[in-house]
Amino acid sequence: MITKINEIAREIGREIKIMEVCGTHTSAIARYGIKSVLPKNIRLVSGPGCPVCVTSQHDIDCMIELALQGIHVSTYGDMMRVPGSKSSLDDVRMKGAKIDVVYSADEVKDGVFFGVGFETTAPMTAAALKRQVAVYSVHKLIPPAMKLLVSEKYGIDGFINPGHVSVIIGSDVYKDIAAPQVVSGFEPENILESIYKLLLLIKERRNEVVNNYSPVSNEGNELAKRLISEHFKLCDSEWRGLGKIPQSGLEVKDSKLNAKTIYSDVLKNVKAKENPACNCGDILRGILEPRECRAFGKGCIPERPLGPCMVSGEGACRIVFEND
Amino acid sequence: MCIAYPGRILELRGGTAVVDFSGARKDVNCMLVEAKVGDMVLVHAGFAIRVVDDDYKDK
């Protein structure tokens, strides 16, 4: 496979920029040392597919404010250490706020659940809404973000599409994104094969979607999609680094379960202040690579992160830092 | 956050399964799939998202 990749990269000749959208792919690529076996003219950049990384500072500040107000808050573990403007959920918990880390949305019985994640995780939050649990939703959708990256012309030649988001949404939805794409799994041989298939599309300038991960079907998981549309509606969403992307988020349909509505009085005073030394925005667009960030490894390390890319297990910076 | 692990359904009661992940057993919500005992499922954040074949990683 590596020989075939080298051959076709040579035929293409110029520098080729491939973006792996999903943080789990970034992690797998680093773990298996995939970059080290690829020819020099292929540049793999990581995209905005790390839900922790693209959650806006404002939303994190809002959850911290709810916790400070004595509201019982539940969240997945990776959100705990993301720095807000003044502190983090972890800091606030140490000061006595009632914050529970959960592995599954099913564990949440009351209070507010922080609905973070893409289409893979939205059905689980929908299941919690079905049980009448209140939710602060920052769920985001992958295809609108990909469309933005293509339209803003960041020079991305092709995409490695997420595996598990695609199990939920199916591979058909990517067809109206004007770029070569391959849906990939997570084993090293599969990733290399996906890169090879993507190079073939790039060489022939074919804006097509190839599915290279068997659990993904054309239509995806109908039960999950139905549950999402029962409990969520589309909304504009603020993506850290990418700005506001229209119709790229999921908002809770039932205002009685929407924490943003229930606690609007508390939340209206929250004003986020982003750290100017943090370059996560450029990292998430594939403009800057982790080592090119001035703060990487110095002002920003996993123990003292400036931004989410260094906190999350799927953050590009943390992955580079830990695989060195 | 998009990590999903394969596991085998040992028991299934209502919408909840007991799933074996290479020796570790966990309760998994199966409301998103049509699965039966003995099926291998991909599990994300406590929910099964897809029934898969044993060799799904290689296909």
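Residues numbered from 1 in each chain as written. Chains lettered and ligands numbered in written order. Predicted model: local features only at pLDDT ≥ 70, side-chain atom pairs only at ≥ 80, totals over all residues. Heavy atoms only, no water.

## Some words on the overall build of chain A
If you tally the helices and strands in chain A, you get 15 helices and 11 strands. Relative to the 2.2 N^0.38 estimate, which gives 20 Å for 324 residues, the radius of gyration of chain A is 20 Å and therefore close to what a compact globule would have. Working note: accessible area of chain A is about 13300 Å², and carbon and sulfur atoms make up 49% of it. Chain A carries 41 positive and 40 negative side-chain charges, and their two centres are separated by 3 Å. (Helix = DSSP H or I, 4+ residues; strand = E, 2+ residues; numbered from the N terminus. Rg over C-alpha atoms; globule rule 2.2 N^0.38 Å. Areas by Shrake-Rupley, 256 points an atom, 1.4 Å probe, with all protein chains shown as cover. Lys, Arg positive; Asp, Glu negative; His and termini not counted. Charge placed at Lys NZ, Arg CZ, Asp CG, Glu CD.)

## Structural notes on the pairing of strand β1 (residues 5-13) of chain B
Residues and elements named next belong to chain B. Bridge count between β1 and strand β4 (residues 40-44): 4 bridges; the pairing is antiparallel. For Y5, the partnering residue across the bridge sits in β4 and is V43. Strand direction decides the pairing type here: β1 and strand β2 (residues 16-21), joined by 5 bridges, are antiparallel. Opposite I9, over in β2, you have V19 as the bridge partner. Between the antiparallel neighbours β1 and β2 lie 2 residues, among them G14 with a positive phi of about 60 degrees. (Pairing = 2+ DSSP bridges.)

## Section: the packing of aromatic side chains
For the structure on display, the rule yields 6 aromatic pairs over all chains. Here A:Y76 and A:F113 contribute two aromatic rings whose centre-to-centre distance is 5.4 Å and whose plane-to-plane angle is 85 degrees, an arrangement assigned as edge-to-face. Of this pair, A:Y76 sits in strand β3 (residues 73-76) while A:F113 is found in strand β5 (residues 112-115), placing the two residues 37 residues apart along the sequence. Grouping residues by exposure puts A:Y76 and A:F113 together as buried. Ring geometry for A:F186 and A:Y213: centres 5.7 Å apart, planes at 90 degrees, overall edge-to-face. Of the two residues, A:F186 is situated in the loop between β8 (181-184) and α10 (188-203) and A:Y213 in the loop between β9 (209-212) and α11 (222-231); the sequence distance between them amounts to 27 residues. Each member of the aromatic cluster is reached from another via a ring pair, and the members are A:F186, A:Y213 and B:Y56. One residue, A:R31, lies across the ring of A:Y32, its end atom 5.3 Å from the ring centre. (Phe/Tyr/Trp six-rings, centres within 6.5 Å; stacked < 30°, edge-to-face > 60°. Buried < 20%, exposed > 50% of the residue type's maximum accessible area, 1.4 Å probe, protein only. Lys NZ or Arg CZ within 6 Å of the ring centre and 35° of its normal.)

## Observations regarding helix α5 (residues 57-68) of chain A
For α5(A), which comprises 12 residues, the first-to-last C-alpha distance of 16 Å matches the rise-based estimate of 16 Å (1.5 Å per residue) to within 8%. Downstream of α5(A) by one or two residues, A:G70 has phi in the positive range, about 90 degrees. (Expected span 1.5 Å × (residues − 1).)

## Some words on the environment of A:G33
All names here are of chain A. Structurally, G33 is set in the loop between α2 (23-31) and α3 (34-37). Among the residues examined, G33 registers a relative accessible area of 24% and is labelled partly exposed. Taking the C-alpha atoms as reference, G33 lies 29 Å from M80; in sequence the two are 47 residues apart.

## Topic: the interface of chain A and chain B
Of the residues lining the interface, 34 residues belong to chain A; the matching set on chain B comes to 21 residues. When the buried surface of chain A facing chain B is broken down by residue, A:Y103, A:M124 and A:H164 rank first, second and third, together holding 23% of it. At the junction of chain A with chain B, the criterion picks out 1 salt bridge. Of the charged contacts in the structure, one is a salt bridge between B:K57 and A:E187, with a shortest N-O distance of 3.9 Å. On the surface where chain A and chain B come into contact, there are 7 residue pairs in polar contact (both at pLDDT 80 or more). Elements supplying a minimum of two residues to the side of chain A that touches chain B: α7 (122-130), α9 (164-169) and α11 of chain A. Taken together, the residues that form the side of chain A that touches chain B break down as 17 nonpolar, 12 polar and 5 charged. (Contact = heavy atoms within 4.5 Å. Buried area = accessible area lost by both parts, 1.4 Å probe. Salt bridge = Lys/Arg side-chain N within 4 Å of Asp/Glu carboxyl O. Polar contact = N/O pair within 3.5 Å; in protein donor to acceptor, adjacent residues only side chain to side chain. Nonpolar A, V, L, I, M, F, W, Y, C, P; charged D, E, K, R; others polar.)

## Brief notes about empty space enclosed by the protein
All names here are of chain A. Tallying each qualifying case throughout the model produces 2 cavities of 30 Å³ or more. Estimates place the volume of the largest cavity at around 90 Å³. What lines the largest cavity is a set of 14 residues, among which N279, C280, C293, C300 and C317 lie closest to the centre. For the lining of the largest cavity, the class distribution of residues is 12 nonpolar, 2 polar and no charged. When its volume is computed, the second largest cavity comes out at roughly 60 Å³. Along the walls of the second largest cavity sit 15 residues, with G47, C50, L284, E314 and A316 positioned nearest its centre. For the lining of the second largest cavity, the secondary-structure elements that each account for two or more residues are β1 (16-22), α2, β2 (42-49) and α14 (280-284). If one sorts the elements of the lining of the second largest cavity by residue count, β2 sits on top with 3 residues. Across the lining of the second largest cavity, the residue classes break down as 8 nonpolar, 6 polar and 1 charged. (1 Å grid on protein atoms, 1.4 Å probe; cavity = no way out; pocket = protein on both sides within 12 Å on 5 of 7 lines; lining within 4 Å. Points joined across faces, edges and corners; volume = space filled by probe spheres on them.)

From the geometry alone we can't say anything about function, so treat these as descriptive.
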